[in-house]
Amino acid sequence: MKSGTKLALMVAAGVALGALSPAMAADKPLLVFVPNGASDFWRAAAAGVKKAQAELPGFKLELEYPQAATVAAQQQLMDDLVTAGAKGIMVSAVDPKTSTTGLNKIASETGLFTTDSDAPQTNRIAYIGSSNVAAGLQAAQIAKAALPNGGKCMGFVGLLGADNARERIQGFKQGIAGTKITLVDVRGDDLDQTRAKENVSDVLVADPNVTCMVGFYSYNTPQIYAALKEAGELGKITVVGFDGDPVTLGGVKEGTIAATVVQQPFLWAYQGMKLMAAYEQGDKSGIPANHLIIIPTKIVNKDTVDAYVADQKAMAGE
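Residues numbered from 1 in each chain as written. Predicted model: local features only at pLDDT ≥ 70, side-chain atom pairs only at ≥ 80, totals over all residues. Heavy atoms only, no water.

### A look at the state of the cysteines
The condition that has to hold: In plain terms, two cysteine sulfur atoms within 2.5 Å form what is called a disulfide here. Strands here mean DSSP runs of E at least two residues long; helices mean DSSP runs of H or I at least four residues long; both are numbered from the N terminus. For every residue, the accessible area obtained with a 1.4 Å probe (protein chains only) is divided by the maximum for its type, and the residue is called buried under 20%, exposed over 50%, and partly exposed between those limits.
In this structure the tally under the stated criterion is 1 disulfide. Residue Cys 153 pairs covalently with Cys 212 via a disulfide, S to S 2.4 Å. Sign of the S-S torsion, about 95° for the bond between Cys 153 and Cys 212, identifies this disulfide as right-handed. Here Cys 153, found in strand β7 (residues 151-157), pairs with Cys 212, found in strand β9 (residues 212-215); they are 59 residues apart in sequence, far enough to count as distant. Just as Cys 153 is buried, Cys 212 falls in that class too.

### Observations concerning the pairing of β7
Rule in force here: Being paired, for any two strands, means DSSP has found at least two bridges between them. Handedness of a crossover is defined as follows: with both strands directed away from the viewer, a clockwise route from the first strand across the helix to the second makes it right-handed.
Where burial is concerned, most of β7 is hidden: 6 out of the 7 residues are buried. Alignment of β7 against strand β8 (residues 181-188), held across 7 bridges, turns out to be parallel. Among the inter-strand pairings, Phe 156 is bridged to a residue of β8, identified as Arg 187. In this view, the connection linking β7 to its parallel neighbour β8 by way of helix α6 (residues 163-176) has right-handed handedness. As paired elements, β7 and β9 share 4 bridges and run parallel to each other. Looking across to β9, one finds that Met 154 is bridged to Met 213.

### Considerations on the nonpolar core
Condition: The definition of a nonpolar core used throughout is a set of buried Ala, Val, Leu, Ile, Met, Phe, Trp, Tyr and Cys residues joined through side-chain atoms within 4.5 Å. By definition, residues are in contact when any of their heavy atoms lie within 4.5 Å.
The biggest cluster of nonpolar side chains holds 32 residues, and the ones touching the most others in it are Phe 33, Leu 61, Phe 113 and Met 273. Taken together, the elements giving at least two residues each to this core come down to β2 (30-34), α2 (43-55), β3 (60-64), β6 (126-129) and α10 (265-280). Top element by residues in this core is α10. It accounts for 9 residues. Apart from residues no more than four positions distant in its own chain, Phe 113 is found in contact with Ile 89, Met 90, Val 91, Ile 125, Ala 126, Leu 275, Met 276, Tyr 279 and Ile 287. In terms of nonpolar packing, the next biggest core, distinct from the first, is built from 30 residues, Ala 69, Val 157, Leu 159 and Val 186 among them.

### Quick look at the pattern of salt bridges
Our working definition: By convention in these notes, a salt bridge is any Lys or Arg side-chain nitrogen within 4 Å of a carboxyl oxygen on Asp or Glu.
The full count for this structure, using the stated rule, is 13 salt bridges. Its salt-bridge partner being Arg 168, residue Asp 116 comes within 3.4 Å of it at the nearest N-O pair. One end of the pair, Asp 116, is in the loop between β5 (111-115) and β6; the other, Arg 168, is in helix α6, and 52 residues separate them in sequence. The shortest N-O distance in the salt bridge between Asp 163 and Arg 166 comes to 2.5 Å. Here Arg 166 and Asp 163 lie together in helix α6, a separation of 3 residues that amounts to about one turn. Judged by relative accessible area, which is 35%, Arg 166 ranks as partly exposed. One network of salt bridges, with partners in common, ties together Asp 79, Lys 105 and Glu 109.

### Overview of unusual backbone geometry
One non-glycine residue, Leu 191, lies in the positive phi region at around 65°. Note that Leu 191 resides in the loop between β8 and α7 (193-206). The phi torsion at Asp 243 lies on the positive side, around 75°, for a residue other than glycine.

### Let's talk about the sheet that holds strand β13 (residues 298-300)
The cut-off we apply is this: Note on definitions: angles span 0 to 180 degrees between N-to-C directions of axes, and those axes are lines fitted to C-alpha atoms, for helices only across the stretch in contact.
Spatial strand order, β8-β7-β9-β10-β11-β13: 6 strands in an open sheet with mixed pairing. Only two strands of the sheet have a single neighbouring strand rather than two, namely β8 and β13. Ignoring strand direction, the axes of neighbouring strands in this sheet form an average angle of 20°. Along the sheet, helix α9 (residues 246-254) makes contact with β11 (259-262) and β13, crossing β11 at roughly 140°.

### Structural notes on α10
Put simply, the rule is: Expected span of a helix: the number of residues minus one, times 1.5 Å.
If you check α10, its first and last C-alpha atoms are 22 Å apart, about what 16 residues at 1.5 Å a residue would give, namely 22 Å. Among the residues making up α10, those that are buried are Pro 265, Phe 266, Leu 267, Trp 268, Ala 269, Tyr 270, Gly 272, Met 273, Leu 275, Met 276 and Ala 277. Note on α10: the residue one or two positions beyond its end, Gly 282, has a positive phi of about 95°.

### Describing the packing of α9 against helix α11 (residues 305-315)
Under the convention used in this document: By definition in this entry, angles of less than 35 degrees are roughly parallel, angles greater than 145 are roughly antiparallel, angles of 65 to 115 are roughly perpendicular, and the rest are oblique. In this classification, Asp, Glu, Lys and Arg are treated as charged, Ala, Val, Leu, Ile, Met, Phe, Trp, Tyr, Cys and Pro as nonpolar, and every other residue, Gly included, as polar.
In the contact formed by α9 and α11, the axes pass within 10 Å of each other and the chain directions differ by 150°. When the axes of α9 and α11 are compared, the pair comes out roughly antiparallel. In this structure, α9 contributes Leu 249, Val 252 and Lys 253 to the contact, and α11 contributes Val 305, Asp 306, Tyr 308 and Val 309. A class-by-class count of the residues in the contact of α9 with α11 yields 5 nonpolar, no polar and 2 charged.

### So, the confidence of the model for the protein chain
We apply this condition: A residue's pLDDT is simply how confident the predictor is in it, with values from 0 to 100.
Model confidence for the protein chain is summarised by a mean pLDDT of 91, while 92% of its residues fall at 70 or above. Here residues 1-25 is a poorly scored stretch, pLDDT under 50, and it has 65 contacts once near neighbours within four places are set aside; other chains count.

Written out as structure tokens, the structure reads:
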């Protein structure tokens, strides 16, 4: 799925967003999960929304993608959702640092929660998701195990300005400090998967001394895999992954990807929707004092990949 494609996953047997009216939404309170852009990564979140919907028959739950992975498109979607009567929005902000005014506008009109990439400077009620610094530290742990004698790493990510990207990079740098591993640069692609693959191919030509590649977003690792395979370099360069894309997990199983740090977007959405529903009903007991609900990340390697896949299928009810 390309980032410019509008995808609407109507989890609760609903109608298109444009057909919703405040009166219709008032029949059942509307709660919406808004990703930062279209990506297969969010399929697990859609499954989490679906499971929560089965347990919250008094609410209407949806997952809505913005038309593009931009601040403007995401803000427009959230404004439209508020107009449609949304009582709560959980958002992975495209660029939290430049979105304070827009996010605070939404927070003044409905219950605003964040996920994946936090915006702590705003009036959001709570963040539910990973500790991205801790995830970066785990990625460094993978690199250190795979490169005991050191190496030259290049990073790849979607949105360089997003908190989740910056914090993962920060954690990775902290984790490799004092070793012979270096992170020489990180290339951004603005959630354009074609560009993501091109970035990898460009590095292979421009810097043949790179011995390690780190994919900081879910689709970056599959694009690294594809570019290395195309260039005949698969298995020759250490690959450190993020998230559980099927290509990434396949590479881990075959040994061409050292390991991957997986998040739990299914739980972000499942627990997040239930948290928003409780909050909408006046129950604020689930909001901690620091407004942070951290769902741990974990490392999946060749020894644990099959068990991880089985666990994910079980959670999704497959």
